[in-house]
Structures are given as C-alpha cells and as structure tokens.
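What follows is each chain in one-letter form.
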Amino acid sequence: MWRRRVGALLRSPRTSSSASSACQSRRHHLLPSEEPLALNRLARLFTSQAGSDGGDTQKPFIAFVLGGPGSGKGTQCTKIASDFGFAHLSAGDILRHEIASGSEKGELILEIIKEGRIVPSEITVELIRKAMEMNNAKRVLIDGFPRCEENRIAFERIVGTEPDIVIFFDCPEDEMVKRLLGRNQGRVDDNIETIKKRLKVFESLNIPVVDYYSSRGKVHKINATGTADEIFEAVRRLFSSLRL
Ligand SMILES: Nc1ncnc2c1ncn2[C@@H]1O[C@H](COP(=O)(O)OP(=O)(O)OP(=O)(O)O)[C@@H](O)[C@H]1O
Ligand SMILES: Nc1ccn([C@@H]2O[C@H](COP(=O)(O)O)[C@@H](O)[C@H]2O)c(=O)n1
Ligand SMILES: [Mg+2]
C-alpha cells in the first residue's frame, strides 16, 4: 500500500542514481581506529544508564520517527517532545548544523542534501551519537532516521541497540509535495526537482527499513493526513496505548 501511494507521482521509471550510492555501495565505514573509541564511549553511556551503578538511571527509550519528505515528522516530534518529555534529535537538523559549521564534512553533506540523496552513514550516526551523549536524555525521538539499510546497520553496530518503537507517519505523496512547496524555510531541498528525488529515495531506501522493523513488530503507523492537531491526537492515543 505504501509503495502504491509513493509510486503514483513517480512517472519516470525509478533509477537507482537518485538513491544514495553510499547507502548502496557500502563504501563508507567507520575507520577501525575510530570504532573502538566510539563503541567505548557509547557503551559507557548505555552501561551507566542501564543501572550498572545500581542507580535509577536506565538505557534511553529510543523511538525512530519515519515517514516521507513532508509527512510531518518534525512537526509531530516537536509536539511529542513538548507533551511527553522526549529529547527530539532531528537527523536532518543535525546534518544542517554541520553544514552551518562550515566544516569540510558540512560541504559534502550540503551537496548530498541538494541532490536528495543519503549522507554516508558513519557521518550521520557519529553526529547522532554525539548528540545522544550530550543530551543524556531518558527518552529520545530520532527524527528522520534510519533513512536506509546502511543507516540502520551502522546505528546497531555503533550504538549497540535497536529502537524500542518506530513511528511511521503515512502520507500520500501529493499531500507531501504540497506541504514541502509551501514550507518556506529556505531549505535547499524544497524544490520540485529535489522533492521528486527524495520521494524516489523514500520509496527505494526508506520503505525497506520500515518493512524491516514492521517484520519485528516495532512499527506503529499513523495516518498523517488531516490537520497537525488531528494527527497529534492519534499520536496521543498511540502513546496512551503504549503507556508512554
Ligand atoms: N498535518 C499537516 N497539515 C498541513 N501542513 C502540515 C502538516 N504537518 C506539517 N505541515 C507543514 O508541512 C511542512 C513539512 O512538515 P515537516 O517539516 O514537519 O515535515 P517532515 O516530515 O519533517 O519533512 P522533511 O522530511 O522534509 O524534514 C511544514 O511547512 C509544516 O508546517
Ligand atoms: N538519516 C538521514 C536523514 C537525513 N539525511 C539527509 O538530510 C535531508 C533532510 O532530512 P530531513 O529529515 O530534514 O528531511 C535528507 O533528504 C537527506 O538528504 C540523510 O542523508 N540521512
Ligand atoms: Mg523534518
């Protein structure tokens, strides 16, 4: 059903060129020299929060928030963070923050975002890891991640855990396009050419990740049509049923 909705707009045959080569070629991996440090630091984070010190701290509750471009992930995450006491880590915002830093990595990220492709996972996961470490929150929303299988695998390898739940905002592509063209946030990827590329990436690389977590019983799908408040009411009902 999800593929039908997204496919409707994609008149040109799907080409893999618009999907990220990094996500497909697996040419990017954390350098062996860097991995032990990252694992060690993060292990301490989860170990200390797993109550190993006998304290009342515990591993963070992690919710991945997925959905197509313009499905309303950021809008709903802002509401969830405010009403349910979650830290909101937006993968896209974290990447745009790196661009704003003027770093060489930021220049690479900008070019990839302009093309609607997926940034190499070791860059994105390392930035998310740092944000989680700094936040030290008990409940974390990771918005717009994982965007592909490589993202998912890199997170499990580096962070050493899976999400507790995955929230999927399901929205028809024509509604997503309408919302993005009206977003007016000055984003380099809010133009019809890039939006079409992002929709191809969503169908070819993001949906398989949703399918994976669905097969593990972790996906909670929310109908993302209607007003933001109506959708948030559905989120409230879900969180109530999960006792969150
Ligand atoms: N239910 C809604 N109805 C109408 N407009 C909405 C709704 N939810 C969000 N919007 C608007 O649509 C635009 C996209 O929303 P948002 O940024 O939350 O989407 P997103 O899924 O995070 O997109 P991206 O993946 O591009 O970051 C914003 O301008 C937002 O104000
Ligand atoms: N896991 C991710 C998340 C995002 N990107 C890139 O950032 C763009 C914007 O993301 P939003 O969630 O803010 O829409 C996205 O289109 C990708 O180019 C990524 O590479 N990996
Ligand atoms: Mg967003």
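Residues numbered from 1 in each chain as written. Chains lettered and ligands numbered in written order. Predicted model: local features only at pLDDT ≥ 70, side-chain atom pairs only at ≥ 80, totals over all residues. Heavy atoms only, no water.

Undergrad: Which residues make up the UniProt feature "binding site: CMP" (unreviewed entry) in the chain, and what values go with them?
TA: The positions UniProt marks with the feature "binding site: CMP" (unreviewed entry) are N151. By the element assignment, N151 lies in helix α8 (residues 149-159). If we ignore the near neighbours within four places in the chain, the residues touching N151 are I118, V119, S121, V125, F145 and P146. Reaching out from N151, the side chain makes a polar contact with the backbone nitrogen of R147 at a distance of 2.9 Å. (UniProt positions renumbered as here; feature names shortened; annotations may be inferred. Helix = DSSP H or I, 4+ residues; strand = E, 2+ residues; numbered from the N terminus. Contact = heavy atoms within 4.5 Å. Polar contact = N/O pair within 3.5 Å; in protein donor to acceptor, adjacent residues only side chain to side chain.)

Undergrad: Tell me about the packing of helix α9 (residues 173-181) against helix α10 (residues 192-215), and please be specific about residues and values.
TA: If you want to describe how two helices pack, look at the angle between their axes and the distance between the axes. Between α9 and α10, whose axes approach to 11 Å, the crossing angle comes to 140°. The orientation of α9 relative to α10 falls into the category oblique. For the pair α9 and α10, the crossing hand works out as right-handed. When α9 is examined against α10, the residues E173, M176, V177, L180 and L181 are found in contact with a partner set consisting of I192, I195, R198 and L199. (Axes fitted to C-alpha atoms, helices over the stretch in contact; angles between N-to-C directions. Parallel < 35°, antiparallel > 145°, perpendicular 65-115°, else oblique. Left-handed = near helix turned anticlockwise from the far one by under 90°.)

Undergrad: Give me the site of ligand 2: which residues, what numbers.
TA: Inspection of the region around ligand 2 gives 16 residues, with R96, R117, V119, R147 and R198 positioned closest. R117 is positioned with one of its backbone polar atoms (N or O) 2.6 Å from an oxygen atom of ligand 2. When ligand 2 is considered free in solution it has 450 Å² of accessible area, and contact with the protein chains removes 96% of it. Ranked by residues supplied to the shell around ligand 2, first place goes to helix α5 (residues 91-100) with four residues. Its residues assigned to classes, the shell around ligand 2 comprises six nonpolar, four polar and six charged. (Near = heavy atom within 4 Å. Areas by Shrake-Rupley, 256 points an atom, 1.4 Å probe, with all protein chains shown as cover. Nonpolar A, V, L, I, M, F, W, Y, C, P; charged D, E, K, R; others polar.)

Undergrad: So what's going on with the sheet that holds strand β4 (residues 165-170)? Which residues, and what values?
TA: Two orientations exist for strands paired in a sheet by backbone hydrogen bonds: parallel and antiparallel. Ordered by their spatial adjacency, five strands build an open sheet running β2-β3-β1-β4-β5, and the pairing between neighbours is parallel. In this open sheet, the two edge strands, each paired with only one partner strand, are β2 (87-90) and β5 (219-223). Across the sheet, the mean angle from the axis of one strand to that of its neighbour is 20°, orientation sign disregarded. Relative to strand β3 (residues 139-143), strand β1 (residues 61-67) runs parallel, the two sharing five bridges. Counterpart to A63 in the pairing with β3 is L141. Here helix α7 (residues 121-135) sits on the sheet and contacts β1, β2 and β3; the angle it forms with β2, its principal contact strand, is near 165°. (Pairing = 2+ DSSP bridges.)

Undergrad: Requested: an account of the nonpolar core, with residues and values cited.
TA: One broad rule of soluble globular proteins: the nonpolar side chains tend to lie buried together. Within the largest apolar cluster, 34 residues are counted, with the highest numbers of intra-cluster contacts made by F64, I128, I142, F145 and F155. With six residues, α7 is the single largest residue contributor to this core. (Core = buried A, V, L, I, M, F, W, Y, C linked by side-chain atoms within 4.5 Å. Buried < 20%, exposed > 50% of the residue type's maximum accessible area, 1.4 Å probe, protein only.)

Undergrad: A description of the site of ligand 1 should follow, citing residues and the corresponding values.
TA: Ligand 1 sits among 18 residues. The nearest are K73, G74, T75, R183 and G226. S71 places a main-chain nitrogen or oxygen 3.3 Å from an oxygen atom of ligand 1. A distance of 3.4 Å separates a nitrogen atom of ligand 1 from a polar side-chain atom of R179. In isolation ligand 1 has 640 Å² of accessible area, and contact with the protein removes 78% of it. Looking at the shell around ligand 1, the elements that each hand over two or more residues are α4 (73-84), α9 and α11 (228-241). Across the shell around ligand 1, the residue classes break down as four nonpolar, eight polar and six charged.

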